[in-house]
Amino acid sequence: MAILATLPGPNFFSSLPTTPPTSNDPSSAPPPKPPIPIPKYQPPRSKSPKHPSFKTHHHNSKYYKPIKPGQKIPLPNTEDRAVVVGNSGISYQLPGAPFEFMYSYSETPKAQPLAMREPAFLPFAPPTMPRPWTGKAPMKKSKKRNIKLIEPLGGGGGSNVIEKRYEMLRSYELGKVSLRPREEVLGEPLSRWEIKEMVKRYLSSNRQVNLGRDGLTHNMLELIHTHWRRQPICKVRCLGVPTVDMDNVCRCLEERTSGKIIHRVGGVVYLFRGRNYDHQKRPRLPVMLWKPAAPVYPKLIQEAPEGLTKKEADELRVKGKSLLPICKLAKNGVYITLVRDVRTAFEGSILVKIDCKGLDPSDYKRIGAKLKELVPCVLLSFDDEQILMWRGKEWKSMYSDETHNLNLSPIKPLKKSDSKSVSSSPKMMSLWQRAIESGKASVLDEIDLTPDDLLSKVEEFDSTSQAMEHSYPAIIYSNKEDSDDLREDKDYDDEDYNGKIYINDSFEAVEPSIPLGSLPVDSIAKKLTESED
């Protein structure tokens, strides 16, 4: 490196100065950099479109129009088309339709709607929709096309060619098809072996209609008829919120499709189209192009629910925080036994909590609304993704009949001052009643017994129960004199005799109240034959 530094020419390996040269001359300073220019963006577009129908309304929209129950909102520039507010929510009335159309036929709250979140429009394709159309129509005008199915060997056309006329992309026209009665379409009821053979083919089939949180929607009706076009049974699998009330789902399926449910396993329903079903004569239903905004309903959670003051409700909510949930709901699960589980839990506690972690907030709120109507109960809170319910002041036990028949007192909380009080669950009391009726249990008339007296009672009941379990009634046909002598010897009463006697191991007649043993039927017949000889 030292040799290269001594060579003539520029020295690229010379050491750099440790400090830069200082200069007191301000003119020698570098000129300042120009500021970064502000980019010129295009002016923002106006968020509000010219036509009011282009504006999208959702649950956070400021649009709020109060409505009254039974109100009918006519649409402008239309005839016989209106939006109807009824007991089942908002429905759409079209001329020639078999019934009033709704977005969901099964998942409609029971409460009356208070207001609408969007203007009154029909969510169907033109011409039933007065809203300006901005997309592509799903159905074009009717086009007919002739398709040759069989051509003769000699070729050529004419009348020898079998033709079938297909209507391609035919638009739906309401009121153009005369609907047949449901009983005529179903025909004669299916027998058991017919149901078994028909359902067997579709048990493991994946061709099904999935019914989710929105329940039976309007477009599912046409989808079910599409399944019925090629097979007699449509398999419907229900998951999530609708499975809380499967009876309601089955009722809506049969009413709207005119089919018949022939088999049901859990959340899976098999819907039969009918013996005389004709796909060409099905009801023509328009396609719903978007989901209408749900109306405004009353709040489910109130500060002071029915029968409680605000202070009492707050105390119950505080107690519910330390309460363990009776179950945890899985997402898209089957909740068929949920109503029964909540009713059973209310037998032992006034508060019941359900864990709904992982579920959508709208899902567990709908589940709470269903439980409020089906159990029934009073909703207290949805905090921490959990449903807290109170059984209410008008709650009645499911086991009131059993407690009355057993002459037992209802459930009472244990107190320290009352050492003789006993608390039993209603389910346990029903089991005790069955045991008493079958002779496997007995009710003590006296409670204050000594250990020796109690042991003698148990031994007496044990011998009696064992004898009753290993004995049976037998009827012996004999001469009148023998039967009279037998009755005189044993001092039978007419009420206790009743034409029956008991047989012990020695083949001797004993009193019916204290049977001693049993014998097989073959040995009894053999002994009877020997005695006659």
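Here the structure is a predicted model, which is why all the values come from computation and not from measurement.

Engineer: Run through the overall build of the chain, naming residues and quoting values.
Structural biologist: Counting its regular elements, the chain contains 14 helices and 17 strands. In the chain, the share of contacts with a sequence separation of at least 24, taken over all contacts with a separation of at least 6, comes to 67%. Of the roughly 37,400 Å² of accessible surface on the chain, 53% is carried by carbon and sulfur atoms.

Engineer: For the nonpolar core, give the residues involved together with the corresponding values.
Structural biologist: The nonpolar side chains of a soluble globular protein tend to be buried, and buried together. Core analysis: the biggest nonpolar cluster contains 38 residues, and Val83, Tyr92, Leu216 and Val236 have the highest contact counts within it. When contributions to this core are tallied by element, the ones reaching two or more residues are β3 (82–86), β4 (89–93), β8 (208–211), α4 (218–228), β9 (233–238), α5 (246–257) and β11 (268–272). Among the elements that line this core, the one with the most residues is α5, at five residues. Filtering out sequence-adjacent residues up to four positions away, Leu216 remains in contact with Tyr103, Ser104, Tyr105, Ser106, Leu211, Leu221, Cys252, Leu253 and Arg256.

Engineer: Describe helix α3 (residues 192–200), with residues and values.
Structural biologist: Taken as a whole, α3 has its buried residues at Glu194, Met198 and Val199. Projected down its long axis, α3 shows its buried positions confined to an angular sector of 120°, all on one face. Exposed residues on α3 whose side chains face more than 90 degrees from its buried face are Arg192, Trp193, Lys196 and Lys200. As for α3, its buried residues are in contact with β9, β10 (260–265) and β11.

Engineer: Residue-level account of the sheet that holds strand β14 (residues 386–390), with values.
Structural biologist: With antiparallel pairing, three strands are arranged side by side in an open sheet as β12-β14-β13. Strands at the two margins of the open sheet, each flanked by one partner only, are β12 (351–355) and β13 (378–381). In this sheet, neighbouring strand axes are inclined to one another by 30° on average, regardless of whether the strands run parallel or antiparallel. Where β12 meets β14, five bridges bridge the pair, whose relative direction is antiparallel. Considered in β14, the bridge of Leu351 is made with Trp390. Lying over the sheet, helix α8 (residues 361–374) contacts β12, β13 and β14, oriented at roughly 15° with respect to β14.

Engineer: Account for the pairing of β11, naming residues and giving values.
Structural biologist: Of all five residues in β11, five are buried, a share of seventy percent or more. With burial as the criterion, each face of β11 is covered, one bearing Val268, Tyr270 and Phe272 and the other bearing Val269 and Leu271. Direction of pairing for β9 relative to β11: antiparallel, over a ladder of five bridges. When the bridges of β11 are listed, Val236 appears paired with Val269. Bridge analysis of β10 against β11 gives five bridges, and the strand direction is antiparallel. Bridged to His263 within β11 is Tyr270. Adjacent in sequence and paired antiparallel, β10 and β11 are bridged by two residues, among which Gly266 carries a positive phi angle near 60°.

Engineer: How would you explain the packing of α4 against α5 if you had to name every residue and give the values?
Structural biologist: Think of two packed helices as two axes; the pair is described by the angle between the axes and how far apart they sit. Where α4 meets α5, the axes come as close as 11 Å, and the angle between the chain directions of the two elements is 75°. Classified by the angle between their axes, α4 and α5 sit roughly perpendicular to one another. Where α4 abuts α5, its residues Leu221, Ile224, His225 and Trp228 lie against Leu253, Arg256 and Thr257. The class makeup of the residues in the contact of α4 with α5 is four nonpolar, two polar and one charged.

Engineer: Any chance you could break down a nonpolar patch on the surface for me, citing the residues and the numbers?
Structural biologist: There is a patch of nonpolar side chains on the surface, built from Leu239, Val334 and Ile336 and spanning about 200 Å² of accessible area. Inspection of the secondary structure puts Ile336 in the loop between α6 (310–321) and α7 (338–345).

Engineer: How would you summarise the sheet that holds β3 if you had to cite specific residues and measurements?
Structural biologist: Across the sheet, three strands lie side by side as β2-β3-β4; this open sheet has antiparallel pairing. At either end of the open sheet lies a strand with only one pairing partner, and these are β2 (72–74) and β4. Neighbouring strand axes in the sheet, compared pairwise and without regard to direction, differ in orientation by 20° on average. Pairing of β2 with β3 involves three bridges; the strand directions are antiparallel. Its bridge partner lying in β3, Pro74 is registered against Ala82.

Engineer: Which residues make up the environment of Lys319, and what values go with them?
Structural biologist: Note that Lys319 resides in helix α6. The class of Lys319 is exposed, set by a relative accessible area of 55%. Along the sequence, Lys319 and Leu351 sit 32 residues apart, while their C-alpha atoms lie 8.6 Å from each other.

Engineer: Run through the pattern of salt bridges, naming residues and quoting values.
Structural biologist: Within this structure, the stated rule accounts for ten salt bridges. Of the charged contacts in the structure, one is a salt bridge between Arg264 and Asp247, with a shortest N-O distance of 3.2 Å. Residue Arg264 is located in strand β10, and its partner Asp247 is located in helix α5; the two are separated by 17 residues in the primary sequence. Two residues, Asp314 and Lys310, come together in a salt bridge whose shortest N-O distance is 3.3 Å. Of this pair, Asp314 and Lys310 both sit in helix α6, four residues apart, which is roughly one turn of the helix. A residue is classified by how much of its surface remains accessible, and Asp314, at 30% relative accessible area, is partly exposed. One continuous salt-bridge network, built from bridges that share partners, spans Asp214, Lys291 and Arg366.

Engineer: How would you sum up a negative patch on the surface? Please name residues and give values.
Structural biologist: Residues Asp445, Glu446, Asp448, Asp452 and Asp453 make up a contiguous surface patch of negative charge. Along the chain, Asp445 falls in the loop between α10 (426–437) and α11 (451–469).

Engineer: Kindly report on the environment of Lys372, identifying the contributing residues and their values.
Structural biologist: Mapping Lys372 onto the fold places it in helix α8. Sequence-wise, Lys372 and Arg391 are 19 residues apart; in three dimensions their C-alpha atoms are separated by 9.6 Å. Not counting the four nearest positions on each side in its chain, Lys372 is found in contact with Cys377 and Leu379.

Engineer: Any details on the side chain of Asp214? Residues and values, ideally.
Structural biologist: Tracing the backbone shows Asp214 in the loop between β8 and α4. Of note is the side chain of Asp214, whose polar atom sits 3.1 Å from the side chain of Tyr103.

Rules and cut-offs
- Here, residues in each chain are numbered from 1, in the same order as that chain's written sequence.
- With pLDDT at 70 or above as the cut-off, local features in this predicted model cover only qualifying residues; side-chain atom pairs require 80 or more to be listed or tallied, and sums for whole chains, interfaces and linings still use all residues.
- With hydrogens and water stripped out, all remaining heavy atoms of the structure feed into the side-chain values.
- Counting from the N terminus, the helices are DSSP H or I runs at least four residues long and the strands are E runs at least two residues long.
- We call two residues in contact when some of their heavy atoms are within 4.5 Å.
- Note on areas: these come from Shrake-Rupley sampling with a 1.4 Å probe, and a residue is covered only by the protein chains present in the view.
- In plain words, nonpolar cores are sets of buried Ala, Val, Leu, Ile, Met, Phe, Trp, Tyr and Cys residues tied together by side-chain atoms within 4.5 Å.
- Buried means the residue's accessible area, taken with a 1.4 Å probe over protein chains only, is under 20% of the maximum for its type, while exposed means over 50%, and partly exposed covers the values in between.
- Directions pointing from the helix axis toward each C-beta atom define the arc.
- At least two DSSP bridges between two strands are needed for those strands to be called paired.
- Lines are fitted to the C-alpha atoms to define the axes, a helix being fitted only along its stretch in contact, and any angle between axes, read from their N-to-C directions, falls within 0 to 180 degrees.
- Here is the rule for angles: anything less than 35 degrees is roughly parallel, anything more than 145 is roughly antiparallel, 65 through 115 is roughly perpendicular, and the remaining ranges are oblique.
- Amino acid classes used here: Ala, Val, Leu, Ile, Met, Phe, Trp, Tyr, Cys and Pro are nonpolar; Asp, Glu, Lys and Arg are charged; the rest, including Gly, are polar.
- In this scheme, patches are assembled from residues that exceed 30% relative accessible area and form no salt bridge. Like charges are connected within 9 Å, while nonpolar side chains (Val, Leu, Ile, Met, Phe, Trp, Tyr) are connected within 5 Å.
- Salt bridge, as used here, is a side-chain nitrogen of Lys or Arg placed within 4 Å of a carboxyl oxygen of Asp or Glu.
- Note that His is not counted, nor are the chain ends; the positive residues are Lys and Arg, and the negative ones are Asp and Glu.
- By convention, the point assigned to a charge is CZ for Arg, NZ for Lys, CD for Glu and CG for Asp.
- N or O atoms within 3.5 Å of each other form a polar contact, as long as, within protein, one can give a hydrogen and the other can take it, and as long as residues adjacent in sequence are counted only when both atoms are side-chain atoms.

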